[in-house]
Amino acid sequence: MFSSLIHNLKNANYSIIIASLLLTAMGLVNMFSVSYSQHADYFSKQAMWVGIGVIVFMLFASIDYRIFKNYPLFLVMLYVIALFLLGAVLVVGSRVNGSKSWFHFGPVAFEPVEMMKVIILMVWAKYFSQRHKEIFDFKNILISGVYMLLPVGLVMLQPDLGSALILVAAWLGITLFVGIKPRHLLIVLVSFLVVGVLGWHFFLHPYQKDRLLTFLHPQQDPLGAGYNITQALVAVGSGGVFGTGAGQGSQITMGFLPAAQSDFIFASLVEEWGMIGGVVVIGLFVYLIWQIASVALKAENNFARIFVSGVALLFFVQMFINIGMNIGILPITGIPLPFFSYGGSNLVTTFALLGLVESVAMRRSLG
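This report concerns the structure included in the present document. Just so we're clear, the structure is a prediction, and the values are computed from it rather than from any experiment.

Each value, and the rule that gives it
Residues numbered from 1 in each chain as written. Predicted model: local features only at pLDDT ≥ 70, side-chain atom pairs only at ≥ 80, totals over all residues. Heavy atoms only, no water. Helix = DSSP H or I, 4+ residues; strand = E, 2+ residues; numbered from the N terminus. Buried < 20%, exposed > 50% of the residue type's maximum accessible area, 1.4 Å probe, protein only. Pairing = 2+ DSSP bridges. Axes fitted to C-alpha atoms, helices over the stretch in contact; angles between N-to-C directions. Parallel < 35°, antiparallel > 145°, perpendicular 65-115°, else oblique. Contact = heavy atoms within 4.5 Å. Nonpolar A, V, L, I, M, F, W, Y, C, P; charged D, E, K, R; others polar. Left-handed = near helix turned anticlockwise from the far one by under 90°. Core = buried A, V, L, I, M, F, W, Y, C linked by side-chain atoms within 4.5 Å. Polar contact = N/O pair within 3.5 Å; in protein donor to acceptor, adjacent residues only side chain to side chain. Patch = residues over 30% accessible without salt bridge, like charges linked within 9 Å, V, L, I, M, F, W, Y side chains within 5 Å. Areas by Shrake-Rupley, 256 points an atom, 1.4 Å probe, with all protein chains shown as cover. Salt bridge = Lys/Arg side-chain N within 4 Å of Asp/Glu carboxyl O. Expected span 1.5 Å × (residues − 1).

## With respect to the side chain of glutamate 358
Part 1: Tracing the backbone through its elements, the reader meets glutamate 358 in helix α15 (residues 344-362).
Part 2: For glutamate 358, a relative accessible area of 1% translates into the label buried.

Have a look at this one:
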């Protein structure tokens, strides 16, 4: 398998590899700083997951992505397994920060929704690539929406609003990419509005409502519901242009910034590396997403084109929402920042998706 990888390396998109390595290195440096400041062991565990992620990247780049395109039954089996795991975690999973989203196997934790992100992009790619001549039929939008709603419903039961929003945003973005009539788009948006109103009254937990209300009025309860976003903004503001320096951020060292290693990792980075550090990170993300999109444009079949576009969209949505909630322009939803936020599931998923993108890039001349 790895011999196939070496054989096809001449077609690899090295810009994706370089940008990913730079973001990974910056993420590890920032994690080391947070670990040092908080006297915690985040760095060594994150470094271990990076090592595993690199192996996963090589493995998925070695796999011929056309296996998923040419064997739809295999893809359906993977989707059913991922659904089963999302259901099983509600029964035997561990509750962390109010959400029952994790399987714990000793010191190792696994979040099944991350596996679903990879699989559902391929499911949508397969579904839409088979129906490109009848894509404007609203029936196809509805059926693809069912593929989305099943995992979203299970994820909301955990409850994990952030991951549910990611799946919904990915589906909506892909439907826009493949083509949707304006009136069908209007129907979808109105449906989301109705579901949102019903969800507010009947499904959202009080703490989830508090997060959304705090986003609108963060100063009404600065020591309660508004504490997280207030401290994140203080951290971002105190960084200035050049930052306070590695290990010198007062919000981090004094423990004022909550979840500095995960949800608010970007705020911790900007406090210590300043606006320049933040701009460099955003610039690298934009460059990476642009390079992924370039692979989609050069893909030789609709399946690869839709899947890789979905990967680019997924990276953009996660980056935009995480950074947006760190700087106060979006509500707090607990969405990790790829390459930076502490945790193995999202990091390994990130490398798996990039490996599949490289699989598409390396095989584009093979038909």
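Continuing now.
## Remarks on the sheet that holds strand β3 (residues 108-110)
Part 1: Spatially, the three strands line up as an open sheet ordered β1-β2-β3, and their pairing is antiparallel. Every interior strand has two partners, whereas the edge strands, β1 (94-96) and β3, have only one. Across this sheet, the average inter-strand angle for adjacent strands is 50°, counted without regard to direction.

## Description of the packing of helix α6 (residues 112-129) against α15
Part 1: Orientation of α6 relative to α15, taken along the N-to-C sense of each, is 25°, at an axis distance of 8 Å. Considered as vectors, α6 and α15 are oriented roughly parallel to each other. Along its contact with α6, which presents Glu114, Met115, Lys117, Val118, Leu121 and Met122, the element α15 presents Ser345, Asn346, Thr349, Leu353 and Leu356.
Part 2: For the contact of α6 with α15, the class distribution of residues is six nonpolar, three polar and two charged.

## Quick word on the environment of asparagine 30
Part 1: Within the secondary structure layout, asparagine 30 lies in helix α2 (residues 14-38).
Part 2: Separated by 216 residues in sequence, asparagine 30 and alanine 246 place their C-alpha atoms 7.9 Å apart.
Part 3: Residue contacts for asparagine 30: discarding those within four places in its chain leaves Ile265, Ser268, Leu269 and Trp273.

## A look at the packing of helix α5 (residues 72-92) against α6
Helix packing geometry: the angle between the two helix axes and the distance between the axes.
Part 1: Two elements in contact, α5 and α6, have axes separated by 9 Å at closest approach and are oriented at 150°. By the angle between their axes, α5 is roughly antiparallel relative to α6. The handedness of the crossing between α5 and α6 comes out as left-handed. The segment α5 lies against α6, with Pro72, Leu75, Leu78, Tyr79, Ile81, Ala82, Leu83, Leu85, Leu86 and Val89 engaging Pro112, Val113, Met115, Met116, Ile119, Ile120, Met122, Val123 and Lys126.
Part 2: Here the contact of α5 with α6 is composed, by residue class, of 18 nonpolar, no polar and one charged.

## A few points about the nonpolar core
Part 1: Counting 98 residues, the largest nonpolar core has Trp124, Leu288, Ile292, Phe307, Phe315 and Phe340 as the members making the most contacts within it.
Part 2: Ignoring anything within four residues of it in the chain, the contact list for phenylalanine 315 reads Leu288, Ile289, Ile292, Pro338, Phe339, Thr350, Leu353 and Leu354.

## Regarding the side chain of glutamate 114
Part 1: By the element assignment, glutamate 114 lies in helix α6.
Part 2: By relative accessible area, which is 2% here, glutamate 114 ends up buried.
Part 3: A distance of 3.1 Å separates the side chain of glutamate 114 from the side chain of lysine 117, its partner in a polar contact.
Part 4: Once you skip the residues sitting within four places of it in the chain, glutamate 114 turns out to touch Ser345, Asn346 and Thr349.

## Quick notes on a nonpolar patch on the surface
Part 1: A surface patch of nonpolar side chains, about 570 Å² in accessible area, is lined by Val241, Phe242, Met275, Ile276, Val279 and Val280.
Part 2: Since its relative accessible area comes to 48%, methionine 275 is described here as partly exposed.

## Some points on α5
Note: α-helices contain 3.6 residues per turn, so residues at a spacing of three or four share the same orientation.
Part 1: Its 21 residues give α5 an end-to-end C-alpha distance of 30 Å, which sits within 8% of 30 Å, the value for a rise of 1.5 Å per residue.
Part 2: Along α5, the residues classified as buried are Leu75, Leu78, Tyr79, Ala82, Leu83, Leu85, Leu86, Ala88 and Val89.
Part 3: On the buried face of α5, the contacting elements are α4 (66-70), β2 (99-105), β3, α6 and α7 (138-156).

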